[in-house]
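# Per-entry structural report
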Amino acid sequence: MYLNEILGALTDPSRRKIIKLLSKKSLNAGQIGKHFDITAPSLSHHLATLRQADLVEQERQGRQLIYSLKRQTLEKTAEQLLNLIKTK
């Protein structure tokens, strides 16, 4: 996990909204897309960026891809950020 890549993925408001949606439950791309006014390729790009940063995982269920939040990545990132400001 690379902190720069994770933080870079989180700079976009649409990707943060996807994270928020997936924090409630796993969704397919169509369910996620209903919350946005963007094209399918743009949504796909956002999901790919989140997957590359190891924030989201996908699982095939039949013909659908289901996206889930990788909470452990966010937790480790938060821990790393807190370590930056800890005093010894």
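Criteria and cut-off values
- Residues numbered from 1 in each chain as written.
- Predicted model: local features only at pLDDT ≥ 70, side-chain atom pairs only at ≥ 80, totals over all residues.
- Heavy atoms only, no water.
- Phe/Tyr/Trp six-rings, centres within 6.5 Å; stacked < 30°, edge-to-face > 60°.
- Lys NZ or Arg CZ within 6 Å of the ring centre and 35° of its normal.
- Helix = DSSP H or I, 4+ residues; strand = E, 2+ residues; numbered from the N terminus.
- Pairing = 2+ DSSP bridges.
- Axes fitted to C-alpha atoms, helices over the stretch in contact; angles between N-to-C directions.
- Parallel < 35°, antiparallel > 145°, perpendicular 65-115°, else oblique.
- Contact = heavy atoms within 4.5 Å.

## Observations regarding the packing of aromatic side chains
Counted by the stated rule, this structure contains zero aromatic pairs. The aromatic ring of F36 is capped on one face by K17, whose charged end is 4.9 Å from the ring centroid.

## Here we look at the environment of Q31
Relative to the assigned elements, Q31 resides in helix α3 (residues 29-33). Along the primary structure Q31 and L21 are separated by 10 residues, whereas in three dimensions their C-alpha atoms are 9.7 Å apart.

## Structural notes on the sheet that holds strand β3 (residues 64-69)
Spatially, three strands are ordered β1-β3-β2 in an open sheet, and the strand pairing comes out antiparallel. Each edge of the open sheet is held by one strand with a lone partner, namely β1 (27-28) and β2 (56-61). Pairing of β2 with β3 involves six bridges; the strand directions are antiparallel. Residue pairing across strands places R60 opposite L65, the latter belonging to β3.

## Quick notes on the packing of helix α2 (residues 13-24) against helix α4 (residues 40-52)
Across the interface, α2 lies against α4 with an axial gap of 10 Å and an inter-helix angle of 70 degrees. In terms of their interaxial angle, α2 and α4 are classed as roughly perpendicular. Touching S14, R15, I18 and I19 of α2 are L43, H45, H46, L47, T49 and L50, all from α4.

## Some points on the pairing of β3
As defined by bridge partners, β1 adjoins β3 across two bridges and the pair is classed as antiparallel. Opposite N28, over in β3, you have I66 as the bridge partner. Where β2 folds back on β3, the antiparallel hairpin that results is connected by two residues, among which G62 adopts a positive phi of roughly 65 degrees.

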